[in-house]
Amino acid sequence: MADLNGKVAVVTGASGGIGRAVAIRLATDGADVACFGQSVERLQQTIDAITQLGRRATLHAVDSKDPEAIQAAVGRVEKDWGRLDVLVNNAGVTKDGLLIRMSAADWDEVMTVNLRSTFLFTKAAARTMMKQRSGAIVNVASIIGQIGNPGQANYSASKAGIIAFTKSVAKELASRNVRANAVAPGFITTRMTDKLDGELQKKMLEAIPLGRYGSPEDVAAAVAFLAGADAAYITGQVIRVCGGMVM
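What counts, and at which threshold
Every chain is numbered independently, its residues counted from 1 as its sequence is written. Only residues with pLDDT of at least 70 get local features here, since the model is predicted, and only at 80 or more are side-chain atom pairs given and counted; chain-wide, interface and lining totals rely on the full set of residues. Computation of side-chain values covers all heavy atoms of the structure but excludes hydrogens and water. Relative accessible area decides the class of each residue, using a 1.4 Å probe on protein chains only: under 20% of the type maximum gives buried, over 50% gives exposed, and in between gives partly exposed. Under the scheme used here, helices are H or I runs from DSSP no shorter than 4 residues and strands are E runs no shorter than 2 residues, and both carry numbers assigned from the N terminus. The rule for pairing is simple: two strands pair if DSSP sees at least two bridges between them. Look down the strands so they point away from you; if the path from the first strand over the helix to the second goes clockwise, the crossover is right-handed. The angle between two axes is taken between their N-to-C directions and runs from 0 to 180 degrees, where each axis is a line fitted to C-alpha atoms and a helix contributes only its stretch in contact. By the definition used in this description, the sense in which the near helix is turned from the far one sets the handedness, with an anticlockwise turn below a right angle giving left-handed and a clockwise turn giving right-handed. Contacts between residues were defined by any pair of non-hydrogen atoms, one from each residue, lying within 4.5 Å. Side-chain classes are defined by residue name, with Ala, Val, Leu, Ile, Met, Phe, Trp, Tyr, Cys and Pro counting as nonpolar, Asp, Glu, Lys and Arg as charged, and the others, Gly among them, as polar. To qualify as a nonpolar core, a set must consist of buried Ala, Val, Leu, Ile, Met, Phe, Trp, Tyr and Cys residues joined through side-chain atoms within 4.5 Å. Polar contact criterion, stated in full: a pair of N or O atoms within 3.5 Å, where within protein one must be able to donate a hydrogen and the other to accept it, and residues adjacent in sequence count only if both atoms are side-chain atoms.

Visitor: How would you sum up the pairing of strand β4 (residues 86-89)? Please name residues and give values.
Guide: The side-chain alternation of β4 yields two buried faces, one formed by Val86 and Val88 and the other by Leu87 and Asn89. Summarising the sheet, strand β1 (residues 8-11) and β4 pair through three bridges and their orientation is parallel. Bridging from a neighbouring strand, valine 10 pairs with leucine 87 of β4. Relative to strand β5 (residues 135-140), β4 runs parallel, the two being bridged by four bridges. Pairing of valine 88 across the sheet is with valine 138, part of β5. In this region the chain leaves β4, passes through helix α4 (residues 104-132) and returns to the parallel neighbour β5; the handedness of that crossover is right-handed.

Here it is as structure tokens:
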């Protein structure tokens, strides 16, 4: 377990799936967690799970497309709790479809929620972390951003962008002891992957050497490691959490 006692974390997309698992894992490891998302009801479930662990948690139902709202909400976290140590950019959506049928609106929606929000939250948190001369940013990408996937041109482009963004941020902020890394999950059982065609799910399982789908908790463990002191000499890296699906 990572030692995050006394640390403050922001987790986006914390209303379910990977985001909820990450928020709960960071709290289990000692952090207080500001949970961001759009579904108040599902965010409250995450909040309740964290407070049951004896950690503080706050709910922020913020539109991931609104830069002013994001800046203000992240600023409130720092003001209320005095610091900001960990940012996990996890918010994401899919709007799958073959390229020739994909609308510009579906392209823009995925790029905005997945990539633009990662930029906006990182920018909002970076000033505080630079001032502290410490911080860990963990961005949730995907192996699809490294290998591509038919019907997911928008999603794969957004996740590849997150990986490149992470490396640039790592280089920019390293002199202030702020680290930036990414995790690239493979096939993880969430509400998002449940939407995939059953035949596609079967093909994916056959391609996983460990012979099982991943869980949100598998991803959360990697995120917690990158957020903690044991990863103090790791920045600009991408850790695949995919059961060997991509090597």
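Visitor: Mind laying out the packing of helix α3 (residues 67-81) against α4, listing which residues take part and the relevant values?
Guide: Here α3 crosses α4 at 35 degrees, and the two axes come no closer than 10 Å. Crossing of α3 over α4 shows right-handed handedness. Along the contact surface, α3 presents Pro67, Ile70, Gln71, Val74 and Glu78, while α4 presents Arg116, Leu120, Phe121, Ala124, Ala125, Thr128 and Lys131. Looking at the contact of α3 with α4, its residues break down into seven nonpolar, two polar and three charged.

Visitor: Talk me through the nonpolar core; I want residue IDs and the actual numbers.
Guide: In this structure, Val11, Val22, Leu26, Val33, Cys35, Val88 and Val183 are the most contacted members of the largest nonpolar core, which totals 33 residues. For this core, the elements supplying multiple residues, two or more each, are β1, α1 (17-28), β2 (32-37), α2 (40-51), β4, β5 and α8 (216-227). Ranked by the residues each element gives to this core, the list is headed by α8, at seven residues. When near neighbours in sequence (up to four residues on either side) are disregarded, cysteine 35 contacts Val11, Ala14, Ala23, Leu43, Thr46, Ile47, Ile50, Thr58, Leu59 and His60. Counting residues in each nonpolar core, the second largest holds 25 residues, with Val62, Leu87, Leu120 and Ala126 among its members.

Visitor: Explain the environment of arginine 20 to me, and be specific about the residues and the numbers.
Guide: Looking at the secondary structure, you find arginine 20 in helix α1. Sequence spacing of arginine 20 and glutamate 172 is 152 residues, and the spatial spacing of their C-alpha atoms is 29 Å. In contact with arginine 20, other than residues within four places in its own chain, are Gly13, Ala14, Ser15, Arg42, Gln45 and Thr46. Only 3.2 Å separates the side chain of arginine 20 from the side chain of glutamine 45, close enough to count as a polar contact.

Visitor: Would you mind going over unusual backbone geometry in detail, with residue names and values included?
Guide: Within the chain, arginine 133 stands out as a residue other than glycine whose phi angle is a positive 60 degrees. Positioned with a positive phi, asparagine 177 is a non-glycine residue whose angle comes to about 65 degrees. Here asparagine 177 shows up in the loop between α6 (153-173) and β6 (178-185). For asparagine 177, a relative accessible area of 46% puts it in the partly exposed group.

Visitor: Explain the side chain of asparagine 139 to me, using residue names and the numbers behind them.
Guide: As for its position among the elements, asparagine 139 is in strand β5. Among the polar contacts made by the side chain of asparagine 139, one reaches the side chain of asparagine 89 at a distance of 2.8 Å. Side-chain polar atoms of asparagine 139 contact the side chain of threonine 166, separated by 2.8 Å. Each residue touching asparagine 139, except ones within four places of it in the same chain, is listed here: Asn89, Thr118, Thr122, Ile162, Phe165, Thr166, Asn181, Ala182 and Val183.

Visitor: Break down the sheet that holds strand β3 (residues 57-61) for me, citing the residues and quoting the values.
Guide: With respect to topology, seven strands assemble into an open sheet ordered β3-β2-β1-β4-β5-β6-β7, the strand pairing being parallel. At either end of the open sheet lies a strand with only one pairing partner, and these are β3 and β7 (238-241). Sheet twist, expressed as the mean angle between neighbouring strand axes with direction ignored, is 15 degrees. Bridge count for β1 against β2 is four bridges, and the pairing is parallel. Bridge assignment links valine 8 to a residue of β2, and that residue is aspartate 32. Against the sheet, α4 touches β2, β4, β5 and β6, its axis set at about 175 degrees to β4.

As far as function goes, none of this settles anything; it's purely spatial.
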